[in-house]
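Per-entry structural report
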Amino acid sequence: MKVIWRELSTVLTEDEVLDKGFSRAKKSAEKVDDPVKVFRVRKQLTRMVQTSSDVMSQYLEDTEKSWPSLDRMPTFDKAMVDACVGCDDYRHHLSMLGWGAKQMRKIAKQNVAKITRSARLEVMHDARKEAYGRLSSIMSRVGNSLDWLHQSRQTLRRLPEIDQANPTIVVCGAPNVGKSAFISSLSSGKMEVNHYPFTTKQLHVGHFEHRRLQHQMVDTPGLLDRPMDNRNAIELQAIAAIQHIGSLCIFLMDITEDCGTSLEEQHNLLDEVKELLPDIDIMVVVSKADLMDPRPENWDEVNHSEKEWDGEGEPMIPVLLDEEGCVTISSIEDVGVTALRLEIVRRCKENMSTDPLLLPEGWHRRD
Ligand SMILES: Nc1nc2c(ncn2[C@@H]2O[C@H](COP(=O)(O)OP(=O)(O)OP(=O)(O)O)[C@@H](O)[C@H]2O)c(=O)[nH]1
Ligand SMILES: [Mg+2]
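Rules of the game
- Residues numbered from 1 in each chain as written.
- Chains lettered and ligands numbered in written order.
- Predicted model: local features only at pLDDT ≥ 70, side-chain atom pairs only at ≥ 80, totals over all residues.
- Helix = DSSP H or I, 4+ residues; strand = E, 2+ residues; numbered from the N terminus.
- Buried ≥ 20, exposed ≤ 12 C-beta atoms within 10 Å, placed from the backbone.
- Contact = placed C-beta atoms within 7 Å.
- Pairing = 2+ DSSP bridges.
- Domains from an automatic or database assignment.

**Section: the overall build of the protein**
Counting its secondary structure elements, the protein contains 10 helices and six strands. With respect to the principal axes defined by its C-alpha atoms, the protein has extents near 95 × 45 × 40 Å. Within the protein, the proportion of its 367 residues that are buried is 40%. In the protein, once contacts between residues fewer than 6 apart in sequence are set aside, the share between residues at least 24 apart is 73%.

**Brief notes about the pairing of strand β4 (residues 213-219)**
Of all seven residues that make up β4, five are buried, and the element is covered over most of its length. Two elements, strand β1 (residues 168-172) and β4, share four bridges in a ladder whose sense is parallel. From the neighbouring strand, I169 faces β4, where its bridge partner is M217. Bridge count for strand β3 (residues 203-210) against β4 is six bridges, and the pairing is antiparallel.

**Digging into the environment of E306**
On the secondary structure map, E306 appears in helix α9 (residues 299-308). Leaving out residues up to four positions away in the same chain, E306 has contacts with I317, V335, T338 and A339.

**With respect to the domain arrangement of the protein**
Many structure descriptions define interface size as the accessible area lost when the parts assemble. Segmentation of the protein into domains returns domain 1 (12-156) and domain 2 (168-352). A straight line from the C-alpha centre of domain 1 to that of domain 2 covers 49 Å. Residue contributions to the side of domain 1 that touches domain 2 peak at seven residues, all from helix α3 (residues 75-84).

**Some points on unusual backbone geometry**
Omega for the peptide link from D293 to P294 comes to 0 degrees, which places this bond in the cis form. For P294, the location among the structural elements is in the loop between β6 (282-286) and α9. In this structure, K288 is a non-glycine residue whose phi angle is positive, near 55 degrees. Its place among the elements puts K288 in the loop between β6 and α9.

Okay, here's the thing in structure tokens:
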């Protein structure tokens, strides 16, 4: 199951919901036509109470239902909700909407009964007024939750959308090492740009398909790109969430130090990432191979094989290797990227198929 945050519709404010309910009620009452005054007024007032309650409670119920349920949410998304807005609050505010809807239906029932049982216009009017007052006071108790959901929606809709049933490659490394460039050079089609609420950096999610299996690549700027001690609780939780989805982690290193982080610091970061993602297979890849002088020895051979390949089958294109024998790529010149992609596919397959009966936590078997 995949949570699609972008599909959440905007959440109205307390005043907007009241306005929606009362104006629909007014229109509905205006349509009443009865020559006998007492019947006419009774019908009008009944409609006002019933319609306003129906419209508002329906809105609350629909909103509650349209938000993904925490209990049925994949582990990654749940961990993200917790890191970004808090699971307890999420549950509480959604349940407030359900509570409000229920109260409103009760109010309508009680006050409609008062209106229909009486023959006195004054009593009917009072019952209508009382109903509106009670509906408003329920709305004012729900208003805070609507605001919370409105805010949270802004945050959640910018989160990356991950399908846990497919292989996921987590791409990390120091700032500027070329994470985004790598993801975009591997992606077929449009790359999604997302944000974590705790970083101003753009976060890219890319996809490529191999033998009809979608592979997703997740960027981690501002998350797995700097030393541990400056991370806050939210970021730690987000890292924990990443733990649940990675089939493979590509750690990019820029040995030219063009990125502004020394090699030593990059190695320290690698050690930290290994500790943070103990259960994920980590592959170190050196970026920006085109800047190497001399260029990797097998540059031409790899480049040639990659250009020759028609995209069918699973050829053994050798990976591009630097002087030290480390896998390298040039995202800009698109050399070594396809070779690495084939290697990624192989590693993901290996990592995902240890025991078909033993699925990692949070995985859902598809029937
Ligand atoms: N020469 C060369 N430059 C590259 C390559 N890949 C990325 N760059 C450059 O390196 C810089 C950073 O690249 P990004 O892809 O934005 O790096 P990033 O790791 O996503 O950076 P943050 O998101 O800020 O952490 C850009 O100026 C890129 O043009 C490459 O293969 N070769
Ligand atoms: Mg980036």
